[in-house]
Amino acid sequence: MYPQQIIDALRHVRYPGNGKDLIESGMLEDDIRISGLAVSFSLIFDKDNDPFMKSVIKAAEVAVQTYVDANAAVTIHSKFRKQQIPETQPRRNRDAKHIIAIHSGKGGVGKSTVAANLAVALANRGYKVGLLDADIHGPSIPKMFHTEDCRPVSIEVDGRDLIDPIEQYGVKMLSIGFFVDPANAVVWRGGLASNAVKQLIDDANWGQLDYFLIDLPPGTSDIHLTLVSALQLTGAIVVTTPQDVALRASELVVTAGFWQAVAKLFENDLKSEC
């Protein structure tokens with residue numbers, strides 16, 4: 001047996017993930033070893049949990065025995081390409097100087113009212129302000145800004161198709177309420193809701209902002225964790241009313257360490273603006 005025979009045999013095995021043969025896919029490591037009827041080599045997979053790994057290895061073994069020698073003793077090792085290590089630190093939105101989350105332990109305490117008035121107040125002072133309504137299941141920003149009938153359009157920016165935020169009272173804003181029928185409830189699982197929020201952040205033409213305000217859903221959920229991993233918050237505002245239930249709900253959120261771990265309230269650069 002010769003190495004070229006092994007290579008030619010493996011051209012008959014296709015990787016289901018892309019439909020190409022193992023050689024064309026660059027999956028054969030340069031470590032073919034032949035000793036009599038014993039042959040060994042390695043196949044390279046992208047990750048150690050590749051769903052096709054076992055079937056591909058078996059198919060490669062059969063190919064060598066079919067096209068080279070039926071009596072060959074084939075040993076195939078699996079190797080994995082180095083995976084990119086994910087960033088451990090959340091990234092800062094390069095287009096916003098300050099990113100502030102407005103949050104509450106329960107609904108109906110005025111969180112969106114605070115977010116809307118804070119956005120307009122900052123805009124009136126001459127700041128460039130963006131407001132994201134991240135409350136997927138109960139978007140209220142469109143109603144507060146009298147923009148319920150508005151529908152954002154897609155525009156091309158630097159070769160990318162981006163969502164153009166609705167602008168009202170000097171505030172750029174996006175909400176899932178602009179894209180769904182207000183008469184129908186939005187029932188999405190956590191992953192789908194989180195992806196929708198990420199798209200409103202990453203695939204929108206926010207431009208350069210002084211303040212990017214995020215009106216979060218009440219409580220804690222996948223959406224909160226998604227935003228924490230995607231953005232570096234400048235600070236957070238927790239809104240509550242004086243009733244015992246509302247205060248208790250807010251205390252649970254804060255004392256759980258959620259916001260303590262993701263935001264430094266009123267950093268020095270923010271204090272100078274307040």
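Thresholds, definitions, all that
- Residues numbered from 1 in each chain as written.
- Predicted model: local features only at pLDDT ≥ 70, side-chain atom pairs only at ≥ 80, totals over all residues.
- Heavy atoms only, no water.
- Helix = DSSP H or I, 4+ residues; strand = E, 2+ residues; numbered from the N terminus.
- Buried < 20%, exposed > 50% of the residue type's maximum accessible area, 1.4 Å probe, protein only.
- Contact = heavy atoms within 4.5 Å.
- Core = buried A, V, L, I, M, F, W, Y, C linked by side-chain atoms within 4.5 Å.
- Pairing = 2+ DSSP bridges.
- Axes fitted to C-alpha atoms, helices over the stretch in contact; angles between N-to-C directions.

Below, the discussion takes up the overall build of the protein. From N to C terminus, the protein includes nine helices and 11 strands. Looking at the protein residue by residue over its 274 residues, the buried ones come to 41%. Considering only intrachain contacts with a sequence separation of at least 6, the fraction spanning at least 24 residues in the protein is 73%.

Let's shift gears to the nonpolar core. Grouped together as the largest cluster of nonpolar side chains are 26 residues, with contacts concentrated most on Leu-132, Val-197, Phe-212, Ile-214, Leu-227 and Leu-231. For this core, the elements supplying multiple residues, two or more each, are β4 (96-104), α5 (190-202), β10 (209-215) and α6 (222-230). At five residues, the largest contribution of residues to this core is made by α5. Core analysis: the next-biggest nonpolar cluster, separate from the first, contains 22 residues, Met-27, Leu-28, Met-53 and Ala-63 among them.

Let us look at the side chain of Asp-31. Here Asp-31 lies in the loop between α1 (3-10) and β1 (33-35). Its relative accessible area of 16% is what places Asp-31 among the buried residues.

Positive phi is not limited to glycine here, since His-146 has a value of about 55°. Inspection of the secondary structure assignment puts His-146 in the loop between α4 (141-144) and β6 (153-157). With relative accessibility at 63%, the residue His-146 sits in the exposed group. Phi is positive for Tyr-169, close to 55°, though the residue is something other than glycine. With respect to the helices and strands, Tyr-169 occurs in the loop between β8 (166-168) and β9 (171-175).

What follows covers the sheet that holds β9. Taking strand neighbours across the sheet as the criterion, the six strands line up as β8-β9-β5-β10-β4-β11 in an open arrangement whose pairing is mixed. Where the open sheet ends on each side, the last strands, each with one partner, are β8 and β11 (235-239). Strand after strand, the sheet turns through a mean of 25° between neighbouring axes, direction not considered. As paired elements, strand β5 (residues 129-133) and β10 share five bridges and run parallel to each other. Within β10, the position partnered with Leu-132 by the bridge is Ile-214. Sitting on the sheet, helix α3 (residues 111-124) is in contact with β4, β5, β9, β10 and β11, with an inclination near 170° to β10.

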